[in-house]
Amino acid sequence: MKPTRFETAIALIDKKNAEDTNTYQVAGMEYPKELLYSQRMTRKLLQFNPNASKALQIAARAQHICRWKIARDEYPMDRVGYLKWRETLKKMHAEITAEILEEVGYDQQFIDRVSLLINKKLIKKNEETQILEDTICLVFLDYYYDEFAEKHSDEKIIDILKKTWVKMSDAGHEAALQLPYSEKGLALVKKAIS
């Protein structure tokens, strides 16, 4: 049986992310960093929103597509530089994804919808953009937060958690409070949201 357009798009996104030379270790296995991230995004999205549309599933999978191609240090190492880097990345992620979707035969309306999601337009106003933002935050909290917290001061972590919390919906907050944190991780979360 021939794979669907959706399945082909996901496979092509994975193929791109498999080229990441940065690796991440899980249970003694090495994975291309962005491939692992994209698979975690899909898993978390479908746990959080089992009826996610195909557009939303593709946007989640392609959230960091080829992220390693634009290094953080190509921009000033301050807040303004960070935000500029993030904007440039979003644009690139959306463009690469649009090319894949065009290649597999999706129409412009569908491609525009996915691009809107990847660019995270209309957070708090567009339900799917909000679900994607919640998923991004949940992936960070579930898979990367404890390790990240070890490398930074409690003040910085609390500040980041506060900013993360503001971006999330009530459903996102509820899901975040169900995650299995370390004792210290949970203490910082509670401090940030109190």
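One numbering rule holds for all chains: residues counted from 1, following each sequence as written. Where totals are concerned, whole chains, interfaces and linings use all residues; where local detail is concerned, this predicted model gives features only for residues with pLDDT of at least 70, and gives and counts side-chain atom pairs only at 80 or more. Only hydrogens and water are set aside; all other atoms, that is, all heavy atoms of the structure, feed into the side-chain values.

A. The arrangement of the overall build of the chain in detail. In DSSP terms, a helix is any run of H or I states spanning at least four residues, a strand is any run of E spanning at least two, and both are numbered starting from the N terminus. In terms of regular secondary structure, the chain is built from 9 helices and 2 strands. Traced from its N-terminal end to its C-terminal end, the chain shows the element sequence α-β-β-α-α-α-α-α-α-α-α. Taken over C-alpha atoms, the radius of gyration is set against a globule rule of 2.2 Å times the number of residues to the power 0.38. Relative to the globule expectation of 16 Å for 194 residues, the C-alpha radius of gyration of the chain, 17 Å, shows essentially globular dimensions. Remark: exposure states derive from per-residue accessible area (1.4 Å probe, protein chains only) relative to the maximum for the residue type, with buried under 20%, exposed over 50%, and partly exposed in between. When the 194 residues of the chain are sorted by exposure, 48% land in the buried category. Residue contacts are counted whenever heavy atoms from the two residues lie within 4.5 Å of one another. Look at the contacts in the chain between residues 6 or more apart in sequence, and 64% of them connect residues 24 or more apart. Carbon and sulfur atoms form 53% of the exposed surface of the chain, whose accessible area is close to 10,900 Å². Measuring between centres, the 31 positive side-chain charges of the chain sit 2 Å from its 30 negative side-chain charges. All accessible-area figures derive from a Shrake-Rupley calculation using a 1.4 Å probe, and residue coverage is judged against the displayed protein chains alone. Working convention for charge: Lys and Arg count positive, Asp and Glu count negative, and His plus the chain ends are omitted. Every charge is mapped onto a representative atom, which is NZ of Lys, CZ of Arg, CG of Asp or CD of Glu.

B. Local environment of the layout of surface pockets. Here a cavity means grid points, on a 1 Å grid over the protein atoms only, where a 1.4 Å probe fits yet cannot get out; a pocket means an open set of points with protein on both sides within 12 Å along at least five of seven lines; lining residues are those with an atom within 4 Å of a point. Grid points are joined across faces, edges and corners, and a volume is the space filled by probe spheres set on the points. When its volume is computed, the largest pocket comes out at roughly 1,700 Å³. Taken together, 41 residues make up the lining of the largest pocket; nearest its centre are Arg67, Tyr82, Trp85, Arg86 and Phe148. When residues of the lining of the largest pocket are assigned to their parent elements, the largest contribution, 9 residues, is made by helix 4 (residues 79–103). Marked domain ranges trace back to an automatic or database domain assignment. There are two domains that each give the lining of the largest pocket at least three residues, and those are domain 1 (1–119) and domain 2 (127–193).

C. Spatial organisation of the nonpolar core. Nine residue types can take part in a nonpolar core, namely buried Ala, Val, Leu, Ile, Met, Phe, Trp, Tyr and Cys, and a core is a set of them joined through side-chain atoms within 4.5 Å. Formed by 57 residues in total, the largest nonpolar core has its most connected members in Ile58, Tyr106, Leu141 and Tyr145. For this core, the element with the highest residue contribution is helix 6 (residues 127–150), accounting for 11 residues. Each of domain 1 (1–119) and domain 2 (127–193) contributes no fewer than three residues to this core. Excluding residues within four positions of it along the chain, Ile58 makes contact with Phe6, Ala9, Ile10, Ile13, Thr97, Leu101, Tyr106, Phe110 and Val114.

D. Just the domain arrangement of the chain, in detail. Partitioning the chain into structural domains gives domain 1 (1–119) and domain 2 (127–193). Listed as interface residues are 18 residues of domain 1 and, on the opposing side, 17 residues of domain 2. Values labelled buried area give the accessible surface lost by two parts on being combined, using a 1.4 Å probe and summing over both. Together, Arg40, Lys44 and Phe48 form the three largest contributors to the area buried by domain 1 at its contact with domain 2, with a combined 38%. Salt bridge criterion: a side-chain nitrogen from Lys or Arg within 4 Å of a carboxyl oxygen from Asp or Glu. Where domain 1 meets domain 2, there are 2 salt bridges. Residue Lys44 pairs with Asp142 through a salt bridge whose shortest N-O separation is 2.6 Å. Mapped by element, the contributors of at least two residues to the side of domain 1 that touches domain 2 are helix 2 (33–48), helix 3 (54–61) and helix 5 (108–118). Counting residues per element, the side of domain 1 that touches domain 2 draws most heavily on helix 2, at 7 residues. In terms of residue class, the side of domain 1 that touches domain 2 is built from 11 nonpolar, 3 polar and 4 charged. Three classes are used, and their members are as follows: Ala, Val, Leu, Ile, Met, Phe, Trp, Tyr, Cys and Pro are nonpolar, Asp, Glu, Lys and Arg are charged, and the others, Gly among them, are polar.

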